[in-house]
Amino acid sequence: MNQQGYNPYAAAQSQFDQIADVLDLDPSVRELLRQPSREFHFTIPVKMDDGSTKIFHGYRIQHNAARGPAKGGIRFHPLETVDTIRALSMWMTWKCSVVDIPLGGAKGGIICDPHNLSKGEQERLCRGYVRQIAKNIGPVIDVPAPDVMTNGQHMLWMLDEYETIFGGHYPGTITGKPVGSGGSLGRTEATGYGVIYSLREALKALDIPVSSTTASLQGFGNVAEYASRLYTSMGGKIVAISSWDNHDQKSYTFRKKDGLDIDKMVAIKDSFGTINKEKAVELGCELLDGGEWIAQDVDILLPCALENQITTDTFEKVSKNVKVICEGANGPTAPECDELIKKRSIFLVPDFLANAGGVTCSYFEQVQCNSNYFWPKEEVLEKLDEKMTSAFQAVYRLAKEKDLYMRDAAYIIAINRVAEAVKLRGWV
Ligand SMILES: NC(=O)C1=CN([C@@H]2O[C@H](COP(=O)(O)OP(=O)(O)OC[C@H]3O[C@@H](n4cnc5c(N)ncnc54)[C@H](O)[C@@H]3O)[C@@H](O)[C@H]2O)C=CC1
Ligand SMILES: O=C(O)CCC(=O)C(=O)O
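The structure presented is a predicted model; accordingly, all values stated were derived computationally and were not measured. (Residues numbered from 1 in each chain as written. Chains lettered and ligands numbered in written order. Predicted model: local features only at pLDDT ≥ 70, side-chain atom pairs only at ≥ 80, totals over all residues. Heavy atoms only, no water.)

Thoughts on the nonpolar core
Membership of the largest hydrophobic core comes to 89 residues, with the highest contact counts inside it found for Trp94, Val98, Leu302 and Val349. With 12 residues, helix α15 (residues 406-424) is the largest single contributor of residues to this core. Filtering out sequence-adjacent residues up to four positions away, Val349 remains in contact with Ser198, Ala202, Val324, Ile325, Cys326, Glu327, Ala354 and Phe392. The next biggest cluster of nonpolar side chains, apart from the first, holds 24 residues, and it includes Phe42, Met48, Ile133 and Trp157. (Core = buried A, V, L, I, M, F, W, Y, C linked by side-chain atoms within 4.5 Å. Buried < 20%, exposed > 50% of the residue type's maximum accessible area, 1.4 Å probe, protein only. Helix = DSSP H or I, 4+ residues; strand = E, 2+ residues; numbered from the N terminus. Contact = heavy atoms within 4.5 Å.)

Written as structure tokens, this is what we have:
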């Protein structure tokens, strides 16, 4: 999902280079880690409902697998680009490393708009994707999962195709599967809840009670919905949410200054996370331009939609009262904006730490599939909270000790672990 003039891969590499300098990384380690180790680009012919055949373009990019099988979601998006997937694969490596789970980093995508595909066409697209990549994914190689505009149903079609090809049950091939078909309880909630576990720790560090805070969110899909649910259940108040309207081809911000009722907002969104604007107005929401979510007078900003949303331009609109930015999306902040965030002393919880709950629960799903024994939801969420909290605390401790920006501290921990793994394996 590239926007004009913005290249997420260049952003991911620039973040990496900055920390590689701080760590004085060995040149060969640096060269190895600043790019993906393997890339697959392929075509996917799909029989459409009208009898025609359409050719889609699919990608799977594996950044690094030194600490374990590569891991990361598959996106469906009409504006997906290879550089976005490269960046996301790199961020997956740092994400798995910062929460210390034995997995590497990968990401996949198909250039398509599922809004315009029937269920049957989506199933054939998922199966076609797997036919092209089956030999290069699997429980010990690379394990996909859902991401933007993909869900458990897509994952199960993909798994079924994989198991048909290899003739057996291999539930550890894909995570984010539906519960009852090899999925873990809690995976649907995991990313959003993880964002709020990190936010809770950040507020604790700042000595601010959650129940005294207000927040504004970008996005209302999987991550944002569950982040909103947990945050409001802790007493926080959400005053604005923005979402994309595919029919109007623009985004809107829905604002209610005395607080949005999240159950009611969920009831009027579709499966793509689009809020019905007519129904929102009936619920008493003000309808603002999509970009207005960032300009609200709140304590907390939760970007949970897209990359490159907090830029030097949009940052000018950020209220002086914002105390925390907790990044639910991957890469929502342009690298040049970090200096501005630091200058304003806004506490930042970086994306690959804040949104690591999804992949952590995916790891739990693999563990459960391997032992063919599934845990109750409370146990999954308790383990998730433990993992997220201890990762946050390790990053926060380092940031405090060395007076570092939270993103830099998280990168130092993550990159050091991967650099150590590639050295121990004798790759460099
Ligand atoms: N689903 C997961 O487990 C994980 C997702 N992420 C990241 O979180 C972000 C969101 O992912 P999901 O919630 O899964 O996606 P999703 O597809 O469920 O929801 C995306 C949401 O973003 C909104 N959106 C799209 N363009 C927008 C715009 N211009 N302005 C305002 N809203 C807009 C959509 O309306 C929708 O509500 C992505 O960056 C994704 O990579 C990160 C970790 C795990
Ligand atoms: O659950 C997973 O394996 C991957 C989730 C993901 O794609 C992400 O964290 O960005």
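Quick look at the domain arrangement of the protein chain
Accessible area lost during the coming together of the parts is what is often quoted as the interface size. By domain assignment, the protein chain separates into domain 1 (38-180) and domain 2 (184-428). Computed from C-alpha atoms alone, the centre-to-centre distance between domain 1 and domain 2 is 23 Å. Contact residues are listed per partner, giving 38 residues for domain 1 and 34 residues for domain 2. Counting the surface lost from both domain 1 and domain 2, the interface buries some 3100 Å², and carbon and sulfur atoms represent 65% of this. On the domain 1 side of the interface with domain 2, the three residues burying the most area are Trp94, Lys95 and Val98, jointly 22% of the side's total. Summed over the shared surface of domain 1 and domain 2, the result is two salt bridges. A salt bridge links Arg75 to Glu307; its shortest N-O distance comes to 3.6 Å. (Domains from an automatic or database assignment. Buried area = accessible area lost by both parts, 1.4 Å probe. Salt bridge = Lys/Arg side-chain N within 4 Å of Asp/Glu carboxyl O.)

Overview of the site of ligand 1
Lining the immediate surroundings of ligand 1 are 26 residues, of which Arg75, Thr191, Phe220, Gly273 and Asn330 lie closest. Between Arg75 and ligand 1, the recorded distance is 2.8 Å, taken from a side-chain N or O atom to an oxygen atom. Between ligand 1 and the protein, one listed contact pairs an oxygen atom with a backbone N or O atom of Gly273 at 2.8 Å. Summarising the interface, the protein chains cover 90% of the accessible area of ligand 1, which totals 830 Å² for the free molecule. Listed by contribution, the elements that provide at least two residues to the shell around ligand 1 are α6 (187-206), α7 (222-233) and β7 (237-245). Top element by residues in the shell around ligand 1 is β7. It accounts for three residues. No fewer than three residues from each of domain 1 (38-180) and domain 2 (184-428) sit in the shell around ligand 1. (Near = heavy atom within 4 Å. Polar contact = N/O pair within 3.5 Å; in protein donor to acceptor, adjacent residues only side chain to side chain. Areas by Shrake-Rupley, 256 points an atom, 1.4 Å probe, with all protein chains shown as cover.)

A closer look at the site of ligand 2
Neighbouring residues of ligand 2: 13 residues in total, closest Lys71, Gly73, Lys95, Lys107 and Ser362. Contact between ligand 2 and Asp147: an oxygen atom at 3.3 Å from a side-chain N or O atom of the residue. At a separation of 2.9 Å, an oxygen atom of ligand 2 approaches a polar side-chain atom of Arg187. Calculation on ligand 2 without its partners gives an accessible area of 290 Å², and the protein chains cover 96% of this total. Going through the elements one at a time, β3 (70-77), α3 (82-98) and α13 (357-371) are the ones with two or more residues in the shell around ligand 2. When its residues are assigned to classes, the shell around ligand 2 shows three nonpolar, five polar and five charged. If you count residues domain by domain, the shell around ligand 2 takes at least three from each of domain 1 (38-180) and domain 2 (184-428). (Nonpolar A, V, L, I, M, F, W, Y, C, P; charged D, E, K, R; others polar.)

A few points about the packing of aromatic side chains
Applying the stated rule across the entire model yields 14 aromatic pairs. Centroid distance Phe347 to Tyr396: 6.0 Å. Interplanar angle 45°. Geometry classified as tilted. One end of the pair, Phe347, is in strand β12 (residues 347-349); the other, Tyr396, is in helix α14 (residues 377-402), with 49 residues separating them in the sequence. On the accessibility criterion, Phe347 (12% relative accessible area) is buried. Exposure remark for Tyr396: the relative accessible area of 17% places this residue in the buried category. On the numbers, 5.9 Å between centres and 40° between planes, the contact of Tyr363 with Phe364 is tilted. Grouping aromatic residues by their ring pairs yields a cluster made of Phe16, Trp94, Phe352 and Tyr411. (Phe/Tyr/Trp six-rings, centres within 6.5 Å; stacked < 30°, edge-to-face > 60°.)

Some points on the packing of α14 against α15
Helix packing for two helices is described by the angle between their axes and how far apart those axes are. At a minimum axis distance of 8 Å, the contact between α14 and α15 shows a crossing angle of 115°. In terms of axis orientation, α14 runs roughly perpendicular to α15. Between α14 and α15 lies a crossing of right-handed hand. Residue-level contacts link Phe392, Ala394, Val395, Tyr396, Leu398 and Ala399 of α14 to Met406, Ala409, Ala410, Ile412 and Ile413 of α15. Here the residues of the contact of α14 with α15 are counted per class, giving 11 nonpolar, no polar and no charged. (Axes fitted to C-alpha atoms, helices over the stretch in contact; angles between N-to-C directions. Parallel < 35°, antiparallel > 145°, perpendicular 65-115°, else oblique. Left-handed = near helix turned anticlockwise from the far one by under 90°.)

Brief notes about the sheet that holds strand β11 (residues 324-326)
Read from one edge to the other, the open sheet built from seven strands follows the order β9-β8-β7-β6-β10-β11-β12, with strand pairing classed as mixed. Edge positions in the sheet fall to β9 (286-289) and β12, since each of these pairs with one other strand and no more. Direction aside, neighbouring strands of the sheet carry axes that sit 20° apart on average. Bridge analysis of strand β10 (residues 300-303) against β11 gives two bridges, and the strand direction is parallel. Residue pairing for β11: Ile300 is matched across the bridge by Val324. (Pairing = 2+ DSSP bridges.)

Remarks on the pattern of salt bridges
What the rule picks out here adds up to 36 salt bridges. Among the ionic pairs, Arg127 bridges to Glu123, the shortest N-O distance being 2.9 Å. Of this pair, Arg127 and Glu123 both sit in helix α4 (residues 119-133), separated by four residues, roughly a single helical turn. By relative accessible area, Glu123 is classed as partly exposed at 26%. Put simply, Glu278 and Lys277 hold a salt bridge, and the shortest N to O gap is 3.7 Å. For Lys277, a relative accessible area of 17% puts it in the buried group. A network of salt bridges, in which partner residues are shared, links Arg75, Glu80, Lys107, Asp147 and Glu307.

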